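Descriptive structure summary
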Amino acid sequence: MERVSANRAFGGVQGVYRHASSATGTDMTFSVYVPPHDEGARLPVVWYLSGLTCTHANVTEKGEFRAACAELGLIFVAPDTSPRGECVPDDPAGAYDFGLGAGFYVDATEEPYVANYRMWSYVTEELPALIAEHFPVDASRQSIMGHSMGGHGALTIGLSFPDRFKAISAFAPIVAPSQVPWGEKALTGYLGTDRFAWRRHDAVALIEDGARVPALLVDQGGADQFLAEQLRPEILGAACEKAGIDLSLRLQPGYDHSYFFISTFMADHLRWHAARLG
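The text that follows walks through the structure, step by step, so that each part is easy to find. (Residues numbered from 1 in each chain as written. Predicted model: local features only at pLDDT ≥ 70, side-chain atom pairs only at ≥ 80, totals over all residues. Heavy atoms only, no water.)

**Considering the packing of helix H3 (residues 119–134) against helix H4 (residues 149–160)**
Viewed as axis vectors pointing N to C, H3 and H4 meet at an angle of 55°, and their least axial separation amounts to 12 Å. In terms of orientation, H3 lies oblique with respect to H4. Classified by chirality, the crossing of H4 by H3 is right-handed. For the pair formed by H3 and H4, the contact residues are Trp120, Val123 and Thr124 on the first element and Thr156, Ile157 and Ser160 on the second. Split into classes, the residues belonging to the contact of H3 with H4 amount to 3 nonpolar, 3 polar and no charged. (Axes fitted to C-alpha atoms, helices over the stretch in contact; angles between N-to-C directions. Helix = DSSP H or I, 4+ residues; strand = E, 2+ residues; numbered from the N terminus. Parallel < 35°, antiparallel > 145°, perpendicular 65-115°, else oblique. Left-handed = near helix turned anticlockwise from the far one by under 90°. Contact = heavy atoms within 4.5 Å. Nonpolar A, V, L, I, M, F, W, Y, C, P; charged D, E, K, R; others polar.)

As C-alpha cells, then:
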C-alpha cells in the first residue's frame, strides 16, 4: 500500500492511499481519516460510498466530515466508485452513468466488464481486510453510508451484512435501481437481462425478500433534480413500513443533489452512526 498524501486535520490525519487490487485487477485509490486517539486504541469505522462520476476525492474535499469524526472518534473510509485505467472498459458512448465512475457496487457478470468491475467484492472483502491490517479499526464496530449511487451501495451492502454494519444511512440514494433508468441501464450492462439476478443489488427488493435491519436514516433534497425519475424515496418508505423497519426519511426543502446538501447534514449522520456504534 502506497501513501499518496497525508495532512493533519482536527488533530487527526487525512490520508490518501493507493494499492494494487486483486478484485479489480487495477490500482485503486481510497482515503482514510483517522481522528486523534490514544495509543493502542481501536476505533469504530464509517464507510462512505460516493455517487456517479465521483472518486474518493469528492467527499474527502467537500464532505466536511473531519470535525465531527474527530469529536466522535470515528475513522472515515472513502473508496473509489469504479476501477480505473486505460485497460478498463468504459461506456461505449462515453456516458457518465455507466462504466468509469459508475461501478454501482456490483460484481459484473457480463463481458467486457466482468474482469474489472468487481466493486462488491472490493468494498465488502478486499478493502476491509486492507483497512484492518493498516489502521486502528475495531472490526466489531462498523457502519456504512453513501450518496446517490453510493447510497444505493450503502443500503444494499448494509442490508446484506446486517451483523457487520451497526448503522446504515444515505443521502439521496437510488433506492430501487430495478425501477429507474440509471439502475436499469447499469444492472443490464453489468449483470445481464435476468431481472431476478438484480434483486440482491436493489434495496427495496432486498427488503421485499426478507432483509431486515432495525433502522435506516435517509436525507433527500426537495429540490433534487433527480428526485422524481431516478431516486423515488417513497418506494423505500413503503417497503420499510410494510417490513417494520424504522426509516427516518427526511425531505430537506430547497436542497439539491450536490455536496452543499451532503455537507450540511453530514454531522447529523455521523452522530446518528456514533450513537449506534457505541
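Anyway, onward from the coordinates.
**Thoughts on the nonpolar core**
Residues Phe76, Tyr190, Met266 and Leu270 are the most contacted members of the largest nonpolar core, which totals 90 residues. Ranked by residue count, the leading element in this core is helix H10 (residues 259–277), at 8 residues. (Core = buried A, V, L, I, M, F, W, Y, C linked by side-chain atoms within 4.5 Å. Buried < 20%, exposed > 50% of the residue type's maximum accessible area, 1.4 Å probe, protein only.)

**Points about the layout of surface pockets**
Computed from the structure, the largest pocket encloses a volume of approximately 300 Å³. The set of elements that each furnish at least two residues to the lining of the largest pocket consists of helix H1 (56–62) and H10. If one sorts the elements of the lining of the largest pocket by residue count, H10 sits on top with 3 residues. Residue classes in the lining of the largest pocket are distributed as 7 nonpolar, 9 polar and 2 charged. (1 Å grid on protein atoms, 1.4 Å probe; cavity = no way out; pocket = protein on both sides within 12 Å on 5 of 7 lines; lining within 4 Å. Points joined across faces, edges and corners; volume = space filled by probe spheres on them.)

**Comments concerning the side chain of Gln230**
Mapped onto the elements of the fold, Gln230 is located in helix H8 (residues 227–231). The buried category is assigned to Gln230, whose relative accessible area is 7%. Here Trp182 takes part through its backbone nitrogen, which lies 2.9 Å from a polar atom of the side chain of Gln230. Those residues within four positions of Gln230 in sequence are excluded, and the remaining contacts are Ile174, Val180, Pro181 and Trp182. (Polar contact = N/O pair within 3.5 Å; in protein donor to acceptor, adjacent residues only side chain to side chain.)

**Notes on the pairing of strand S8 (residues 215–221)**
Of all 7 residues in S8, 7 are buried; the element is thus mostly enclosed. Along S8, one buried face is formed by Ala215, Leu217, Asp219 and Gly221 and the opposite face, lined by Leu216, Val218 and Gln220, is buried too. Here strand S7 (residues 165–171) runs beside S8; their pairing, made up of 3 bridges, is parallel. Bridge pairing in S8 places Phe171 opposite Asp219. (Pairing = 2+ DSSP bridges.)

**Here we look at the pattern of salt bridges**
As enumerated under the stated definition, the model contains 13 salt bridges in all. Linking Lys185 and Asp97 is a salt bridge whose minimum nitrogen-to-oxygen distance equals 2.7 Å. Placement of Lys185 in helix H5 (residues 181–191) and of Asp97 in the loop between strand S5 (75–78) and H3 is noted, with a sequence separation of 88 residues between them. Under the relative-accessibility criterion, Lys185 is labelled partly exposed at 33%. (Salt bridge = Lys/Arg side-chain N within 4 Å of Asp/Glu carboxyl O.)

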